[in-house]
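Letter by letter, the chains look like this.
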Amino acid sequence: MSKTIAILPGDGIGPEVMAQAVNVLEAVTERFDYTFELRYADIGAVAIDKTGTPLPEATLTHCLEADAVLLGAIGDPKYDLDPSARVRPEQGLLQLRKALGLYANVRPVYAYESLYALSPLREERIANVDFVVYRELTGGIYFGEKGRKADGTAYDHCEYSVAEIERIATMAFEAAMHRRKHLTLVDKANVLETSRLWRATVTELAKQYPEVSLELMFVDNAAMQLIQNPGQFDVVLTENMFGDILTDEASVITGSLGLLPSASLGNKALFEPIHGSYPQAAGKGIANPIATILSVAMMLEHFAMHDAAQAVHDAVVRTLEEGIVTPDLHRERNFGTSVVGNLVAEYVASQQGSFNEENVLAATSTII
């Protein structure tokens, strides 16, 4: 099986973590009967510097022609911190989401046993946490009519259609069928009419999935439950703004943003780590590549390359258990970006692997 992938390294630490993701993809081709054609293109600040636009036509063409898009990170202080800047890096990503029809943001949250101590929550609360959030990405208050009136008041309209809700809800139910068969709809149906539409639509759709247990939960309660008992969740479905807030809250459960991948699905598929471009670390070789590598695993699952996806996930778990981690995961004993990526790739390429601490230490001069 062969797939074409648009590779968008982006800004800051993006190129460094992307290099390790490509390293892992190459390892996949060594072990499995899969091949990948990689097409590189610019997006974000680096694209603005070269072309004046954050999403050049050539980049968009590559993405539209590819089977999937793999993105590193976008953002640069010279644009982010300039309030007068008319062109900004993040505009490129928003334009890309629209052009590719990406309406569902998927974020898995998984707590690694070897890293329980890094979580701000007590170990007994995060043990066995393994859930995924399906956030609607193109509707709601972020995209509704907005403005200010002559009297100084401001307004933001929130709108959703049945069709918008059904398409992502169907994704979430299908995901639940392959997991623990429990879906939690998060809304604010006691106050918002759009939430009442969400609740009615999802409840009706649930009849097509009798094996899935549907739970209805108000967003304020969900925010509390994510801290009190995150292990209760399996698949979480919610609208755009609620999803934006809850996924950021959930991201701290694991102890580092450098561990969490994501997918944006729709007419095409885009995979990226949830972290930003972290410009302060750019070029230092200390960025955590795990989130980007796990985004590769999500992409492989999307391609139905389940054996390769599992191999990548297993390799990440093994690397973390060996303690070969970047500074965000261990202040005293840590390793560089390429060391972590190389070890994951080695474990992917060979089922047995050959971890040897002395060899790892000798192979790098970027130990922090």
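Residues numbered from 1 in each chain as written. Predicted model: local features only at pLDDT ≥ 70, side-chain atom pairs only at ≥ 80, totals over all residues. Heavy atoms only, no water.

**Student:** Describe the overall build of the protein chain, naming the residues involved and giving the relevant values.
**Tutor:** Across its full length, the protein chain holds 14 helices and twelve strands. The C-alpha radius of gyration of the protein chain comes to 21 Å, within 12% of the 21 Å expected for a compact globule of 368 residues. Sorting the 368 residues of the protein chain into buried and exposed places 51% on the buried side. A separation of at least 24 residues holds for 74% of the contacts in the protein chain among residues at least 6 apart in sequence. Roughly 16,400 Å² of accessible area belongs to the protein chain as shown, and the carbon and sulfur atoms make up 50% of that amount. (Helix = DSSP H or I, 4+ residues; strand = E, 2+ residues; numbered from the N terminus. Rg over C-alpha atoms; globule rule 2.2 N^0.38 Å. Buried < 20%, exposed > 50% of the residue type's maximum accessible area, 1.4 Å probe, protein only. Contact = heavy atoms within 4.5 Å. Areas by Shrake-Rupley, 256 points an atom, 1.4 Å probe, with all protein chains shown as cover.)

**Student:** Quick rundown of the sheet that holds strand β9 (residues 213–218)? Include the residues and the values.
**Tutor:** The ten strands are arranged β2-β1-β3-β12-β11-β4-β5-β10-β8-β9 in an open sheet whose pairing can be described as mixed. Since the sheet does not close on itself, it has two edges, and those belong to β2 (35–40) and β9, each with one partner. For this sheet the average axis-to-axis angle between neighbouring strands, irrespective of direction, equals 25°. Sheet topology note: the strand β3 (residues 68–73)/strand β12 (residues 269–273) ladder contains two bridges and is parallel. Considered in β12, the bridge of Val69 is made with Leu270. Strand contacts of helix α7 (residues 162–177): β4 (102–110), β5 (130–136), β8 (182–187), β9, β10 (235–238) and β11 (261–266), with the helix running at about 165° to β5, the strand carrying the most contacts. (Pairing = 2+ DSSP bridges. Axes fitted to C-alpha atoms, helices over the stretch in contact; angles between N-to-C directions.)

**Student:** Residues and numbers for the pairing of β10, please.
**Tutor:** Burial of the side chains of β10 extends over both faces: Val235 and Leu237 are buried on one face and Val236 and Thr238 on the other. Pairing of β5 with β10 involves four bridges; the strand directions are parallel. The residue of β10 that forms the bridge with Val133 is Val236. Note that β8 and β10 share four bridges and pair parallel. By the bridge assignment, Thr184 is partnered in β10 with Val236.

**Student:** So, unusual backbone geometry: which residues are in play, and what are the values?
**Tutor:** Glycine aside, the phi torsion of most residues is negative, and most peptide linkages are trans. Despite not being glycine, Asn128 shows a phi value in the positive range, around 70°. Considering the arrangement of structural elements, one finds Asn128 in the loop between α6 (123–126) and β5.

**Student:** So what's going on with the pattern of salt bridges? Residues and values would help.
**Tutor:** Summed over the entire model, instances satisfying the criterion amount to 16 salt bridges. Its salt-bridge partner being Asp49, residue Lys78 comes within 2.9 Å of it at the nearest N-O pair. With a gap of 29 residues between them, Lys78 in helix α4 (residues 77–80) and Asp49 in helix α2 (residues 45–51) connect regions that are remote in the sequence. Residue classification places Lys78 among the partly exposed residues on the basis of a relative accessible area of 47%. Note on Asp49: relative accessible area 44%, which makes it partly exposed. The salt bridge involving Arg179 is made with Asp234; its shortest N-O contact spans 2.8 Å. A residue pair is termed long-range when its members are at least 10 positions apart, and Arg179 in the loop between α7 and β8 and Asp234 in the loop between α9 (219–228) and β10 qualify at 55 residues. A single salt-bridge network, built from bridges that share partners, covers Asp130, Arg179, Arg180 and Asp234. (Salt bridge = Lys/Arg side-chain N within 4 Å of Asp/Glu carboxyl O.)

**Student:** Kindly report on helix α5 (residues 89–100), identifying the contributing residues and their values.
**Tutor:** Since the α-helix advances by 3.6 residues per turn, residues separated by three or four positions end up pointing in the same direction. Look at α5: 18 Å from first C-alpha to last across twelve residues, which is about the 16 Å you get at 1.5 Å a residue. Every buried residue of α5 is accounted for by Pro89, Gly92, Leu93, Leu96 and Leu100. For α5, the angular spread of the buried residues around the axis is 95°, confining them to a single face. (Expected span 1.5 Å × (residues − 1). Arc of directions from axis to C-beta.)

**Student:** Outline the pairing of β4, listing residues and values.
**Tutor:** Burial analysis of β4 places seven of its nine residues in the buried class, the great majority of the element. Two strands pair when backbone bridges link them, and β4 and β11 are joined in this way by four bridges, in the antiparallel orientation. The residue of β11 that forms the bridge with Leu102 is Gly266.

**Student:** Could you give an account of helix α11 (residues 290–302), naming the residues involved and the relevant values?
**Tutor:** Between its first and last C-alpha, α11 extends 18 Å over 13 residues, near the 18 Å set by a 1.5 Å rise per residue. Of all 13 residues that make up α11, eleven are buried, and the element is covered over most of its length. Every buried residue of α11 is listed here: Ile290, Ala291, Thr292, Ile293, Leu294, Ser295, Val296, Ala297, Met298, Met299 and Leu300. Ala304, located one to two residues past α11, shows a positive phi value of around 65°.

**Student:** How would you summarise the confidence of the model for the protein chain if you had to cite specific residues and measurements?
**Tutor:** Confidence in the prediction for the protein chain averages 93 pLDDT; 95% of positions are at 70 or higher. Here residues 362–368 scores under 50 on pLDDT; set against residues more than four positions off or in separate chains, the count is eleven contacts. (pLDDT = per-residue confidence, 0-100.)

**Student:** Explain the packing of helix α1 (residues 14–31) against helix α13 (residues 337–349) residue by residue, including any values.
**Tutor:** Axis separation between α1 and α13 bottoms out at 8 Å; the angle between their running directions is 15°. In terms of their interaxial angle, α1 and α13 are classed as roughly parallel. In the packing of α1 onto α13, the handedness of the crossing is right-handed. In this structure, α1 uses Glu16, Gln20, Asn23, Val24, Ala27, Val28, Glu30 and Arg31 to contact α13, whose residues at the interface are Thr337, Ser338, Gly341, Asn342, Val344, Ala345, Tyr347, Val348 and Ala349. When the residues that make up the contact of α1 with α13 are grouped by side-chain class, the tally is eight nonpolar, six polar and three charged. (Parallel < 35°, antiparallel > 145°, perpendicular 65-115°, else oblique. Left-handed = near helix turned anticlockwise from the far one by under 90°. Nonpolar A, V, L, I, M, F, W, Y, C, P; charged D, E, K, R; others polar.)

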